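Architecture and fold: a report
Chain residues, written in single-letter form:
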Amino acid sequence: MIHRIPHCSHWGAYTLLVEDGRILGAEPLPEDPAPSDIIHSVAEWANPERRVLRPMIREGWLARREGSDRRGRGNERFMAVPWDEALDLVATEIARVAETHGNASIFAGSYGWTSCGRFHHASSLLKRMLNLAGGFTGHVDTYSIAAGPVILRHVLGDDRACSGQASTLDDIAAHTETLVVFGAMSPRTAQIEAGGIGAHYLTGYLRQIADRGVRVVHVSPLRDDLPDWLGAEWWPIRPNTDAALMLGLAGEIVAAGRQDAGFLARCTSGSAEFLAYLRGEPDGQRKDAAWAAGITGLPADAIRGLALRLVDSRSMITVSWALQRAHHGEQPFWGALGLAAVAGQIGLSGGGVGYGYGSLGGVGAPFALGRSPGMSQGVRPIDSFIPVARISDMLLNPGAPFTYQGETRTYPDTRLVYWAGGNPFHHHQDLNRLSEAWTRPETIIVQDPMWTATARRADIVLPASTSIERNDLAGNKRCDLILAMRQAITPLGQARSDFDIFDALAQRLDVGPAFNEGRDEMGWIRHLYEESRTYALQAHDFAMPDFETFWGRGHAPVPVQRNYIYLEEFRADPDGHALATESGRIVLGSRTLARLGHDDCPPHPAWLPPAEWLGKAGADELHLISHQPRGRLHSQLESAAASMADKRDGREQLRLNPADAQARGIADGATVRLWNARGACLATATLCADTARGVAVLPTGAWLTPAAEGPELSGNPNVLTLDIGSSAFGQGCSAHTCLIRVAPHAGDNRDPMRTYQSQLADLLPDLEDPL
Ligand SMILES: Nc1nc2c(c(=O)[nH]1)N[C@H]1C(S)=C(S)[C@@H](COP(=O)(O)OP(=O)(O)OC[C@H]3O[C@@H](n4cnc5c(=O)[nH]c(N)nc54)[C@H](O)[C@@H]3O)O[C@H]1N2
Ligand SMILES: Nc1nc2c(c(=O)[nH]1)N[C@H]1C(S)=C(S)[C@@H](COP(=O)(O)OP(=O)(O)OC[C@H]3O[C@@H](n4cnc5c(=O)[nH]c(N)nc54)[C@H](O)[C@@H]3O)O[C@H]1N2
Ligand SMILES: [Mo]
């Protein structure tokens with residue numbers, strides 16, 4: 001008999017068809033107008049090949065504990081140990097480090113997307129457990145957005161405009177006349193939403209925009225960052241130069257005397273300083289179309305024409321999250337705000353600025369007003385953190401100072417790293433530098449279902465079950481449903497759920513009752529649902545179904561906000577709705593940043609050349625964009641069908657403009673080597689005229705497969721990317737700031753996946769019964 005099991009992942013909700021403990025297939029939610037094909041990859045979780053099936057400990061660590069040779073990580077074999085022994089060792093190690101070095105020496109920032117379940121959420125549970133046991137060093141912001149929210153919190157008072165609460169897309173689709181898209185609005189990225197998604201709405205809104213004949217200007221190095229049927233004008237900008245275009249547009253408006261002086265006076269602070277910069281008063285350089293053309297590689301006439309159109313029509317400026325994942329990534333976010341303010345469009349229906357539309361599927365969709373289900377992390381007993389992407393800096397420089405949001409702090413002396421549900425050897429930049437940093441801590445614990453590159457480099461590996469092997473629920477503030485995630489199959493090998501693992505550790509650390517509050521898995525899921533249901537009724541008079549109905553049906557609606565116009569009330573009454581900024585207004589000239597005096601984050605929106613870009617490149621260098629992969633989520637389900645469909649000869653595809661390929665003697669389908677001073681990898685070249693000249697594109701997420709000598713084999717861009725903070729203020733990751741060289745490669749043509757598996761087999765003990 002076939003069982004139909006409702007389930008959900010970050011890429012959507014679906015029904016799993018299960019017979020005799022085997023997954024036969026997945027069906028999308030009927031209500032979803034644009035389901036993701038990654039749902040069909042989920043069955044791959046049941047494939048034992050890449051799964052961690054038992055607790056494992058590196059031999060050298062088992063023998064010598066904190067005195068082990070840490071360069072053995074990733075090279076030395078593992079030994080299988082019983083669960084009780086592994087849990088005893090982990091708990092003892094946490095207690096030892098806390099007692100000997102203090103809790104700040106435990107790094108449990110543990111960044112990562114894990115599964116979408118809100119109850120078994122791995123890093124939340126890790127933090128909940130450690131907060132009860134004295135605390136840990138955590139992280140702030142995310143790899144997705146850091147420079148962006150830091151600058152927006154300062155100049156808009158909060159980061160709602162980039163976390164899904166700018167104007168909703170229904171308003172834009174109905175009222176915008178000129179839409180300028182910086183980066184993407186792509187179904188590729190909108191497949192995904194953190195914490196799950198019921199229906200994918202982006203394509204529907206874009207269809208409305210196309211049907212209304214809205215003029216769309218698309219500023220991006222990649223033409224297919226927008227669907228071709230939208231009929232957008234493509235402006236193939238040089239990567240990382242968008243702030244110059246924004247300032248050039250604003251400068252043209254000001255030079256024509258067309259700025260909205262009333263709006264600037266009523267609703268902004270520091271505009272005099274910003275306008276002086278646009279006029280070139282401090283530096284003798286007018287920020288106009290000709291100036292912007294020289295930096296961006298775009299034609300000056302087109303820039304001039306667009307500038308006045310932004311004032312003369314209802315105009316909306318959207319900026320992808322990608323633009324702030326770069327050196328000086330604060331500037332395109334602040335620059336877009338400055339441009340929209342000069343154009344006087346903020347707070348109007350169909351006008352203004354918004355960030356991250358389509359970067360996730362829920363950004364711009366109606367947003368939830370209720371309380372999303374989620375496990376409390378408890379109260380933090382110690383205040384120790386790093387900006388999320390400063391992990392290598394922290395491990396390499398204990399005690400060194402760093403700045404963040406105007407504060408100066410010091411890096412802790414990290415002795416123990418505990419990572420649950422994230423893959424830093426996927427997500428971090430300059431992985432060769434991270435490899436060196438990774439030799440510093442005494443002990444590294446990784447909890448993951450998969451033998452990821454990170455798990456391979458751990459001392460203790462705890463096998464977590466995947467979401468289909470347990471019960472959970474999904475939902476978040478950008479989703480109009482709460483979704484059931486019912487168990488479909490039994491756990492593989494000896495895998496345990498994240499809650500069971502942390503509950504067992506909490507008992508050993510003598511904080512068990514406070515950790516589990518006397519509830520088991522179904523008790524918690526019911527409790528979290530009821531919290532959301534009660535809140536919806538009390539705060540919004542919205543009746544959600546009872547738990548049994550929700551669990552049987554697989555989803556329940558939550559109250560949502562539609563047709564939202566960001567800053568509408570503020571525009572109407574700036575005193576009555578003052579922003580939480582230094583002036584209560586939109587900050588275009590910042591007293592705080594003037595006082596801080598950071599060279600790399602000046603007191604007004606500015607163009608600052610990044611550390612690496614085409615304006616300062618050797619003739620044979622290309623700008624590498626390492627964007628999100630279409631057929632998977634980051635490194636997850638990398639070997640499943642949707643992900644494999646985008647590989648070529650087992651490697652990731654490197655997209656190049658045909659002229660750039662020809663100049664290097666690279667044919668379509670050729671194996672190529674990519675390199676810079678930081679590292680090298682292989683990829684398969686794909687020639688594509690939708691890629692701007694001078695730009696190379698390699699998606700993220702291929703499983704890191706270093707060869708003994710020579711380039712990494714799978715096409716992992718993070719062996720090449722740059723590991724510096726966006727600025728002293730924001731400290732975001734700078735993944736999209738990276739120059740490389742590319743050439744045909746004649747040498748090692750080993751299959752990356754087979755090589756990964758054989759490298760893994762060399763590390764694992766021969767077990768009679770691996771399951
Ligand atoms: N060059 C470059 N690098 C980038 C980016 C870029 O644009 N360019 N983008 C960055 C961005 S935006 C992000 S968000 C990061 C993403 O970086 P990550 O979030 O680290 O990437 P994932 O591959 O999603 O890693 C999630 C891990 O959780 C594990 N997992 C899944 N389910 C469970 C579970 O139920 N329990 C446990 N314990 N583990 C589970 C998976 O096996 C996987 O190892 O990458 C960043 N890196
Ligand atoms: N299929 C799939 N979807 C995903 C994810 C995934 O792993 N797979 N990850 C999710 C996550 S965690 C996040 S944070 C979001 C990220 O969402 P985004 O940041 O929006 O996505 P990216 O693919 O990194 O970048 C989008 C586009 O920005 C453009 N771009 C890059 N640099 C520049 C620049 O300097 N100027 C201009 N004008 N354009 C530039 C590139 O052409 C790129 O294709 O995606 C989410 N969606
Ligand atoms: Mo992200």
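Residues numbered from 1 in each chain as written. Chains lettered and ligands numbered in written order. Predicted model: local features only at pLDDT ≥ 70, side-chain atom pairs only at ≥ 80, totals over all residues. Heavy atoms only, no water.

1. What about the site of ligand 1?
Taken together, 35 residues surround ligand 1, and among them His427, Asp448, Arg470, Ser635 and Asn718 come closest. Within the side chain of glutamine 429, an N or O atom sits 3.2 Å from a nitrogen atom of ligand 1. Glutamine 447 places a main-chain nitrogen or oxygen 3.1 Å from a nitrogen atom of ligand 1. Expressed as a share of its isolated accessible area of 920 Å², the protein-covered part of ligand 1 is 98%. (Near = heavy atom within 4 Å. Polar contact = N/O pair within 3.5 Å; in protein donor to acceptor, adjacent residues only side chain to side chain. Areas by Shrake-Rupley, 256 points an atom, 1.4 Å probe, with all protein chains shown as cover.)

2. Considerations on unusual backbone geometry
Phi at serine 110 takes a positive value of approximately 45 degrees, unusual for a residue other than glycine. As for its position among the elements, serine 110 is in the loop between β6 (106–107) and α3 (122–132). (Helix = DSSP H or I, 4+ residues; strand = E, 2+ residues; numbered from the N terminus.)

3. Quick notes on the state of the cysteines
In total, this model carries 0 disulfides according to the counting rule given. Here cysteine 601 stays free of any disulfide, with the sulfur of cysteine 162 as its closest cysteine sulfur at 14 Å. We note that cysteine 688 lacks a disulfide partner, and the nearest cysteine sulfur, in cysteine 681, lies 18 Å from it. (Disulfide = S-S within 2.5 Å.)

4. Focus: the site of ligand 2
Of all residues adjacent to ligand 2, which total 33 residues, the nearest are Asp225, Asn240, Asp242, Arg325 and Pro629. Here aspartate 225 contributes a side-chain N or O atom positioned 2.5 Å from an oxygen atom of ligand 2. Relative to its unbound accessible surface of 920 Å², ligand 2 loses 99% to contact with the protein. In terms of residue class, the shell around ligand 2 is built from 15 nonpolar, 12 polar and 6 charged. Split by domain, the residues of the shell around ligand 2 number at least three in each of domain 2 (147–358 + 564–589) and domain 3 (614–761). (Nonpolar A, V, L, I, M, F, W, Y, C, P; charged D, E, K, R; others polar. Domains from an automatic or database assignment.)

5. So, the domain arrangement of the chain
Along its sequence, the chain is carved into domain 1 (51–65 + 75–142 + 371–419 + 443–524), domain 2 (147–358 + 564–589) and domain 3 (614–761). One C-alpha centre belongs to domain 1, the other to domain 3; they are set 30 Å apart. Every contact between the two is made by 16 residues of domain 1 and, on the other side, 18 residues of domain 3. Across the domain 1/domain 3 interface, buried area totals approximately 1,400 Å², and carbon plus sulfur atoms make up 51% of it. Contact with domain 3 buries area across many residues of domain 1, yet Trp113, Arg390 and Arg456 alone supply 36% of it, more than any other trio. (Contact = heavy atoms within 4.5 Å. Buried area = accessible area lost by both parts, 1.4 Å probe.)

6. Here we look at the environment of threonine 408
Looking at where threonine 408 falls in the secondary structure, it is placed in strand β17 (residues 407–410). Put simply, threonine 408 and alanine 728 are 320 residues apart on the chain and 9.8 Å apart in space, counted from C-alpha to C-alpha. Setting aside residues no more than four positions away along its own chain, threonine 408 makes contact with Pro401, Phe402 and Thr403.

7. A few points about the side chain of lysine 287
Residue position: lysine 287 is located in the loop between α10 (271–278) and α11 (289–296). At 3.0 Å, the side chain of lysine 287 forms a polar contact with the side chain of aspartate 283. The contacts of lysine 287, once residues within four sequence positions are left out, are Leu247, Gly248, Gly251, Glu252, Tyr277, Leu278 and Gly280.

8. What to know about the nonpolar core
Counting residues in hydrophobic clusters, the biggest one holds 172 residues, and the most contacted among them are Trp11, Leu16, Leu156, Tyr355, Ile586, Leu654 and Leu674. Apart from residues lying up to four places away in sequence, leucine 654 is in contact with Leu624, Val672, Leu674, Ala683, Thr684, Ala685, Thr686, Ala696, Val697, Leu698 and Val742. In terms of nonpolar packing, the next biggest core, distinct from the first, is built from 52 residues, Ala368, Ile445, Leu473 and Leu505 among them. (Core = buried A, V, L, I, M, F, W, Y, C linked by side-chain atoms within 4.5 Å. Buried < 20%, exposed > 50% of the residue type's maximum accessible area, 1.4 Å probe, protein only.)

9. Section: the pattern of salt bridges
The tally for this structure, following the rule as stated, stands at 50 salt bridges. The partner of glutamate 652 in a salt bridge is arginine 632, and the shortest N-O contact between them spans 3.2 Å. Of this pair, glutamate 652 sits in the loop between α24 (641–644) and β27 (653–656) while arginine 632 sits in the loop between β26 (622–625) and α24, and the two are 20 residues apart along the sequence. Its salt-bridge partner being arginine 693, residue aspartate 660 comes within 2.9 Å of it at the nearest N-O pair. (Salt bridge = Lys/Arg side-chain N within 4 Å of Asp/Glu carboxyl O.)

10. Regarding the packing of helix α4 (residues 147–156) against helix α13 (residues 330–342)
At a minimum axis separation of 8 Å, α4 and α13 run at an interaxial angle of 40 degrees. In terms of axis orientation, α4 runs oblique to α13. Relative to α13, the crossing made by α4 is right-handed. Of α13, the residues touching α4 (which contributes Ala147, Gly148, Ile151, Leu152, Val155 and Leu156) are Glu330, Phe333, Trp334 and Leu337. Tallied by class, the residues present in the contact of α4 with α13 amount to 8 nonpolar, 1 polar and 1 charged. (Axes fitted to C-alpha atoms, helices over the stretch in contact; angles between N-to-C directions. Parallel < 35°, antiparallel > 145°, perpendicular 65-115°, else oblique. Left-handed = near helix turned anticlockwise from the far one by under 90°.)

11. Quick look at the sheet that holds strand β22 (residues 481–485)
The sheet built from 3 strands is open, its strands ordered β21-β22-β23 with antiparallel pairing. A strand with exactly one partner marks an edge of an open sheet, and here the two such strands are β21 (472–474) and β23 (555–557). Strand after strand, the sheet turns through a mean of 20 degrees between neighbouring axes, direction not considered. The sheet contact formed by β21 and β22 spans 3 bridges and is antiparallel. Following the sheet pairing, aspartate 472 is matched in β22 by methionine 485. (Pairing = 2+ DSSP bridges.)

12. Side note on the packing of aromatic side chains
As enumerated under the stated definition, the model contains 21 aromatic pairs in all. Here phenylalanine 550 and tryptophan 551 contribute two aromatic rings whose centre-to-centre distance is 6.1 Å and whose plane-to-plane angle is 55 degrees, an arrangement assigned as tilted. Residue phenylalanine 550 is classed as buried on the basis of its relative accessible area, which comes to 0%. On the basis of relative accessible area, tryptophan 551 is assigned to the buried category, the value being 13%. Seen in terms of ring centroids, tryptophan 703 and tyrosine 756 are 5.2 Å apart; in terms of plane orientation they differ by 65 degrees. Their pairing is edge-to-face. Pair noted here: tryptophan 703 is in the loop between β30 (695–697) and β31 (739–744) and tyrosine 756 is in helix α26 (residues 752–763), with a separation of 53 residues, a long-range link. Of the residues examined, tryptophan 703 reaches a relative accessible area of 7% and is grouped as buried. (Phe/Tyr/Trp six-rings, centres within 6.5 Å; stacked < 30°, edge-to-face > 60°.)

13. Considerations on the environment of glycine 679
Tracing the chain through its elements places glycine 679 in strand β29 (residues 679–687). Residue class for glycine 679 comes out buried when judged on its relative accessible area of 13%. Measuring from C-alpha to C-alpha, the distance between glycine 679 and leucine 431 comes to 8.5 Å, with 248 residues separating the pair along the chain. For glycine 679, the contacting residues outside a window of four places in its chain are Asn432, Leu674, Val719 and Leu720.

14. Points about the pairing of β26
Alternating residues of β26 divide into Leu622 and Leu624 and His623 and Ile625, and every residue in both groups is buried. Pairing between β26 and β31: 2 bridges, direction antiparallel. Its bridge partner being in β31, histidine 623 is matched across the sheet by leucine 739. The sheet contact formed by β26 and β30 spans 3 bridges and is parallel. Paired with leucine 624 across the strands is alanine 696, a residue of β30.

15. Details of the packing of helix α8 (residues 242–255) against α11
It is the contact of α8 with α11, at a shortest axis distance of 8 Å, that shows an interaxial angle of 170 degrees. Considering the angle they form, α8 stands roughly antiparallel to α11. Where α8 abuts α11, its residues Ala244, Leu245, Leu247, Gly248 and Glu252 lie against Ala289, Trp291, Ala292, Ile295 and Thr296. Among the residues forming the contact of α8 with α11, the class breakdown is 7 nonpolar, 2 polar and 1 charged.

16. Observations concerning the UniProt feature "domain: Molybdopterin oxidoreductase" (unreviewed entry) in the chain
Using the residue numbers shown here, the UniProt feature "domain: Molybdopterin oxidoreductase" (unreviewed entry) corresponds to residues 51–507. Helix makes up 35% of residues 51–507 and strand makes up 16%, while its end C-alpha atoms are separated by 27 Å. (UniProt positions renumbered as here; feature names shortened; annotations may be inferred.)

17. A word on the sheet that holds strand β5 (residues 78–80)
Read across the open sheet, the 6 strands follow the order β5-β4-β20-β19-β18-β6; overall the sheet is mixed. Edge strands, defined here as strands with exactly one partner in the open sheet, are β5 and β6. Note: strand β4 (residues 56–58) against β5, 3 bridges, orientation antiparallel. Looking across to β5, one finds that arginine 58 is bridged to phenylalanine 78. The strands touched by helix α18 (residues 498–508) are β18 (416–420), β19 (443–448) and β20 (460–463); relative to β18, the strand with the most contacts, the crossing angle is about 150 degrees.

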